[in-house]
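Observations on the three-dimensional arrangement
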There are 2 protein chains.
Amino acid sequence: MAKAYVYHAQDLFDFMVNFFVKLGVPNDRAVIVAEILQSADLRGVSSHGIIRLQTYYGSRLQKGLINPLADNEILRESPASIAIDGRNGLGQVAGKDAMLRCIEKAKTSGVAMVTVCNSNHYGIAGYYAMMALDHDMIGISFTNAQPLVAPTFGRNRLLGTNPIAVAAPAFAERPFVLDMATSIVPIGKVTVFDKSGEQLPEGWAVDARGDSTTNPQSVLNGGALFPLGGPELLRGYKGYGLALWVDIFSGVLSGAAFGKNVANPAKLANANVGHFFAAMRLDAFRDPDEFKKDLDELFTQLKTAEKADGQERIFIHGEKEFELTEKYQKEGIPLLEEVVKSLMSAGETVGVPFELVSLGEKEIDPAHAGN
Amino acid sequence: MAKAYVYHAQDLFDFMVNFFVKLGVPNDRAVIVAEILQSADLRGVSSHGIIRLQTYYGSRLQKGLINPLADNEILRESPASIAIDGRNGLGQVAGKDAMLRCIEKAKTSGVAMVTVCNSNHYGIAGYYAMMALDHDMIGISFTNAQPLVAPTFGRNRLLGTNPIAVAAPAFAERPFVLDMATSIVPIGKVTVFDKSGEQLPEGWAVDARGDSTTNPQSVLNGGALFPLGGPELLRGYKGYGLALWVDIFSGVLSGAAFGKNVANPAKLANANVGHFFAAMRLDAFRDPDEFKKDLDELFTQLKTAEKADGQERIFIHGEKEFELTEKYQKEGIPLLEEVVKSLMSAGETVGVPFELVSLGEKEIDPAHAGN
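Residues numbered from 1 in each chain as written. Chains lettered and ligands numbered in written order. Predicted model: local features only at pLDDT ≥ 70, side-chain atom pairs only at ≥ 80, totals over all residues.

1. A closer look at the overall build of chain A
What counts here: The numbering of helices and of strands both runs from the N terminus, where a helix is a DSSP run of H or I of at least 4 residues and a strand a run of E of at least 2. We compute the radius of gyration over the C-alpha atoms and compare it with the globule rule, which gives 2.2 Å times the number of residues raised to the power 0.38. Remark: C-beta atoms are placed from the backbone, and a residue is labelled buried if 20 or more other C-beta atoms sit within 10 Å of its own, exposed if 12 or fewer do, or partly exposed between those counts. Any pair of residues counts as being in contact when their C-beta atoms, constructed from backbone geometry, are within 7 Å of one another.
When its secondary structure is counted, chain A shows eleven helices and 13 strands. In terms of C-alpha radius of gyration, chain A reaches 20 Å, essentially the compact-globule figure of 21 Å for 371 residues. Along the longest, intermediate and shortest principal axes, the C-alpha atoms of chain A span 55 × 50 × 45 Å. Within chain A, the fraction of its 371 residues that count as buried is 61%. Restricting to contacts in chain A with at least 6 residues of sequence separation, those with at least 24 account for 65%.

2. A closer look at the packing of helix H2 (residues 27-42) of chain B against helix H4 (residues 91-109) of chain B
Residues and elements named next belong to chain B. Just so we agree on the cut-off: Lines fitted to C-alpha atoms define the axes here, with helix axes fitted over just the stretch in contact, and angles between the N-to-C directions of these axes take values from 0 to 180 degrees. In these notes the angle categories are as follows: under 35 degrees is roughly parallel, over 145 is roughly antiparallel, 65 to 115 is roughly perpendicular, and the rest is oblique. Note on residue classes: Ala, Val, Leu, Ile, Met, Phe, Trp, Tyr, Cys and Pro are nonpolar, Asp, Glu, Lys and Arg are charged, and everything else, Gly too, is polar.
Following both chains from N to C, one finds H2 and H4 inclined at 90 degrees, their axes separated by 9 Å at the closest point. Relative to H4, H2 is oriented roughly perpendicular. Of the residues in H4, those touching H2 at Arg 29, Ile 32, Val 33 and Ile 36 are Gln 92, Val 93 and Lys 96. For the contact of H2 with H4, the per-class residue count stands at four nonpolar, one polar and two charged.

3. Quick notes on the relation of the copies chain B and chain A
How we decide: Here the copies were fitted onto each other by least squares, based on C-alpha atoms from residues at pLDDT of at least 70 in both.
Note on the copies: chain B fits chain A at an RMSD of 0.0 Å, the axial shift is 0.0 Å, and the rotation between them is 180 degrees. Put plainly, the chains are arranged around a two-fold axis. Across chain B, the rotation axis passes nearest the C-alpha of Gly229(B), at a separation of 2.1 Å. Comparing interface residues between copies, 100% of those in chain B also lie at the interface in chain A; the contact surface is shared.

4. Brief notes about the domain arrangement of chain A
Residues and elements named next belong to chain A. Applied cut-off: Domain start and end points were adopted from an automatic or database domain assignment.
Domain annotation of chain A identifies domain 1 (2-65 + 329-368) and domain 2 (73-284). Taken together, the contact pairs 17 residues of domain 1 with 18 residues of domain 2. Those elements giving two or more residues to the side of domain 1 that touches domain 2 turn out to be helix H2 (27-42) and helix H3 (53-62). Considering each element in turn, the side of domain 1 that touches domain 2 owes the most residues, seven residues, to H2. The residue makeup of the side of domain 1 that touches domain 2, split by class, is ten nonpolar, four polar and three charged.

5. Some points on the pairing of strand E11 (residues 273-281) of chain B
Residue and element names in this part refer to chain B. We apply this condition: DSSP bridges decide pairing: two strands pair if at least two such bridges lie between them.
Counting buried positions over the nine residues of E11 gives nine, a clear majority of the element. Sheet topology places strand E4 (residues 111-119) next to E11; seven bridges connect them, and they run antiparallel. Bridge pairing links Ser 119 to Val 273 in E11. Both strand E5 (residues 137-143) and E11 contribute to a ladder of seven bridges, which runs antiparallel.

6. Some thoughts on the interface of chain B and chain A
Each side of the interface is counted separately: chain B has 68 residues, and chain A has 69 residues. When contributions to the side of chain B that touches chain A are tallied by element, the ones reaching two or more residues are strand E2 (73-78), strand E3 (81-85), E4, strand E6 (164-168), strand E7 (176-180), helix H8 (236-252) and helix H9 (288-303) of chain B. Sort the elements by how many residues they give to the side of chain B that touches chain A and H8(B) lands first, with eight residues.

7. What about the packing of helix H8 (residues 236-252) of chain A against H9(B)?
Worth spelling out the cut-off: Put simply, a crossing is left-handed when the front helix is turned counterclockwise from the back one by less than a right angle, and right-handed when it is turned clockwise.
For the pair H8(A) and H9(B), the least separation of the axes is 11 Å and the interaxial angle reads 135 degrees. On the basis of the axis angle, H8(A) is oblique to H9(B). H8(A) and H9(B) meet at a crossing whose hand is right-handed. Where H8(A) abuts H9(B), its residues Asp247(A), Ile248(A) and Val252(A) lie against Phe291(B), Asp294(B), Leu295(B) and Leu298(B). In terms of residue class, the contact of H8(A) with H9(B) is made up of five nonpolar, no polar and two charged.

8. Focus: the confidence of the model for chain A
Note the cut-off: Think of pLDDT as the predictor's per-residue confidence, scored from 0 to 100.
Confidence in the prediction of chain A, expressed as mean pLDDT, is 96, and 99% of residues score 70 or more. Two numbers describe this predicted complex: its pTM, 0.98, and its ipTM, 0.98.

9. Details of the sheet that holds E6(B)
The strand order across the open sheet formed by seven strands is E2-E3-E4-E11-E5-E6-E7 (chain B), and the pairing between neighbours is mixed. In this open sheet, the two strands that pair with only one neighbour each are E2 and E7 of chain B. On average, each strand axis in the sheet is tilted by 10 degrees relative to the strand beside it, whichever way the strands run. Two elements, E2(B) and E3(B), share five bridges in a ladder whose sense is antiparallel. Its bridge partner lying in E3(B), Glu77(B) is registered against Ile82(B). Strands in contact with H8(A) are E6 and E7 of chain B; relative to E7(B), the strand with the most contacts, it is inclined by about 135 degrees.

10. So, the sheet that holds strand E1 (residues 2-7) of chain B
Residue and element names in this part refer to chain B. Sheet architecture is open: three strands sit in the order E12-E1-E13, paired in antiparallel fashion. Either end of the sheet is taken by a strand with one partner, and the two such strands are strand E12 (333-336) and strand E13 (360-364). Averaged over all pairs of adjacent strands, the angle between their axes in this sheet comes to 40 degrees, without regard to strand direction. One ladder, built from five bridges, connects E1 with E13; its direction is antiparallel. Bridge pairing in E13 places Val 6 opposite Gly 360.

11. Examining the environment of Lys341(A)
Following the sequence through the fold, Lys341(A) ends up in helix H11 (residues 337-350). Between the alpha carbons of Lys341(A) and Gln199(A) there is a distance of 26 Å; along the sequence they are 142 residues apart.

12. Examining the environment of Ser358(A)
Residue and element names in this part refer to chain A. Residue placement: Ser 358 occurs in the loop between H11 and strand E13 (360-364). Residue Ser 358 is classed as partly exposed on the basis of its C-beta count, with 15 C-beta atoms lying within 10 Å. A C-alpha to C-alpha distance of 28 Å links Ser 358 and Asp 194, two positions 164 residues apart in sequence. Apart from residues no more than four positions distant in its own chain, Ser 358 is found in contact with Tyr 5, Val 6 and Tyr 7.

13. A word on helix H10 (residues 319-331) of chain A
The line we're drawing: The span one expects for a helix is its residue count, reduced by one, times 1.5 Å.
The end-to-end C-alpha distance of H10(A), which contains 13 residues, comes to 18 Å, matching closely the 18 Å that a straight helix rising 1.5 Å per residue would cover. In the stretch just after H10(A), Gly332(A) is the one whose phi turns positive, near 100 degrees.

Spelled out as structure tokens, the structure:
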């Protein structure tokens with residue numbers, strides 16, 4: 001267990017906006033980045049939230065490795081697609097603009113797809129997919145990322161944890177929001193186990209020789225993550241295939257970096273991350289209400305089905321995250337003590353002191369919470 | 001090990017065409033179905049090949065459960081999408097026509113998507129995705145199927161093994177062809193282990209109480225398959241999410257059956273299977289040759305990387321299947337003795353005797369070969 005402090009979401013949001021503005025990000029863009037980072041914290045995906053403020057964004061803005069003033073540039077356009085150059089701007093700014101354009105295109109063409117090259121880490125993929133929901137559309141987003149995953153029968157880090165996000169609106173039920181890394185776990189999870197001195201479950205990751213290991217140190221020092229599925233016997237090559245698919249759409253198709261060439265945010269180089277977006281008007285295929293009611297019925301089939309021994313609930317993807325968002329918006333967002341310290345240090349560096357009043361303390365189990 | 005007989009691909013193809021024609025399928029359509037079934041056998045996905053001739057197609061045609069004369073009907077159309085009613089025709093005929101229309105639409109709109117409801121089992125998803133390759137396009141196909149997979153924390157069969165297929169052309173290398181069920185293994189694999197008296201590897205499937213089991217009988221009698229990833233600890237809910245995604249696109253969006261309502265091909269009812277297709281022109285996003293050369297480079301990064309202990313090769317998705325196709329086209333396709341017997345019996349029922357001359361015999365290990 002580890003100590004955490006709870007803060008008002010709005011307070012954390014304001015701090016992030018001030019932080020980015022101080023670093024030369026125009027206010028309207030700072031709001032976009034803060035909103036997308038906070039959407040991760042609110043959904044319990046703390047690995048993609050405020051914890052990355054300095055390492056993924058602040059330090060890179062300070063070093064001139066991200067251009068906060070860059071505008072998306074259209075490279076190619078067809079009736080139902082756009083290829084965009086993010087011109088090394090903030091990933092969230094490039095990503096949100098790209099998905100908005102994708103939604104606009106889908107309005108006239110029924111469905112649309114947009115790629116972005118020359119971008120940076122854009123936060124959680126799910127945010128962009130969910131943008132489609134208010135328009136009676138299905139949304140999709142993929143992104144590639146720095147290499148952390150070994151291909152089946154390999155031992156080196158060659159592919160990112162390349163997430164897949166898909167969001168679809170239901171009628172009375174909450175939307176379907178799949179937002180999943182194509183590895184079993186993110187590398188941050190291994191770090192957390194390492195810090196707490198715990199062994200990893202068998203099947204999450206490999207050591208430097210490509211053998212499955214339960215030792216976090218063996219993973220962090222030259223090892224790699226398993227793709228979803230794990231070893232070959234359990235069909236880990238399918239997870240490897242999904243990661244490769246995401247890289248082909250986000251990296252190769254957009255003209256961004258791909259495979260082992262996507263830069264780690266800690267590296268002193270342009271990351272050249274690539275993203276992929278799609279939007280699909282429900283009424284291009286069916287009456288939207290009929291679609292939504294059938295989706296409700298599919299969810300009901302799943303949720304009311306018999307549970308496995310010892311289980312009480314079958315979840316729909318996104319359901320836990322919507323519940324957590326409501327809770328955190330009401331009760332505040334818990335941040336681990338070490339995260340608070342890193343925010344204090346980051347705030348000091350930038351000249352925006354982190355002086356928020358905590359709503360209280362709580363103990364959380366970082367190894368078994370969130371993503 | 002089990003005895004298999006080897007046959008010329010062309011001989012098997014001709015037998016299938018004659019079989020379907022005898023059952024009232026027009027010759028040009030019989031050719032389509034035979035071609036798609038054979039593409040599975042040639043790729044080593046024998047579970048979706050000639051083995052299904054009678055159970056999935058012949059018996060249903062005989063009983064009037066599939067209409068061999070049905071034409072696809074367009075329900076909705078936008079500049080980049082079509083919603084089709086397959087009118088209970090052959091899944092392969094409906095699917096091939098739908099993907100051809102999708103490719104035509106993408107020619108003018110850049111990208112396109114097509115759904116099909118009221119269809120039947122369409123064979124391997126990869127066939128349709130690969131149709132895009134000759135047009136300098138990326139192809140995608142999903143389909144739902146009869147329920148066999150339990151959701152995470154559930155115990156009942158609620159979702160199909162709902163496959164995802166994606167094909168993208170490379171330059172000097174062979175194309176990327178991901179064609180994967182979103183379960184760990186197909187149910188046919190469990191049947192094969194059962195017949196050979198072997199225990200299943202841990203983590204493939206659950207018994208009637210939703211507990212992981214290695215006993216094939218426990219899976220076949222009221223159990224279910226695990227989604228890709230397996231149990232919750234190994235993030236099986238991601239595989240469950242992928243299966244649900246495929247069902248939402250193939251079943252709910254198309255207006256077909258979904259979840260537990262997709263009929264087993266053995267059932268005396270319309271299956272109302274749904275499919276989803278997408279086609280994306282490479283040049284809507286990038287210079288096609290640049291895309292293909294970058295894809296070659298990504299493959300090279302993967303294939304030339306260091307191998308895990310004891311491994312000699314890292315594969316790209318589709319690579320093994322292309323090699324097998326070349327081999328089987330040259331040397332013939334091996335069919336298990338029991339499959340040959342079932343073809344003889346099916347041929348007798350229909351009045352098209354299976355009298356092919358075998359090229360020879362060989363021993364194969366059904367539990368550890370193919371899909």
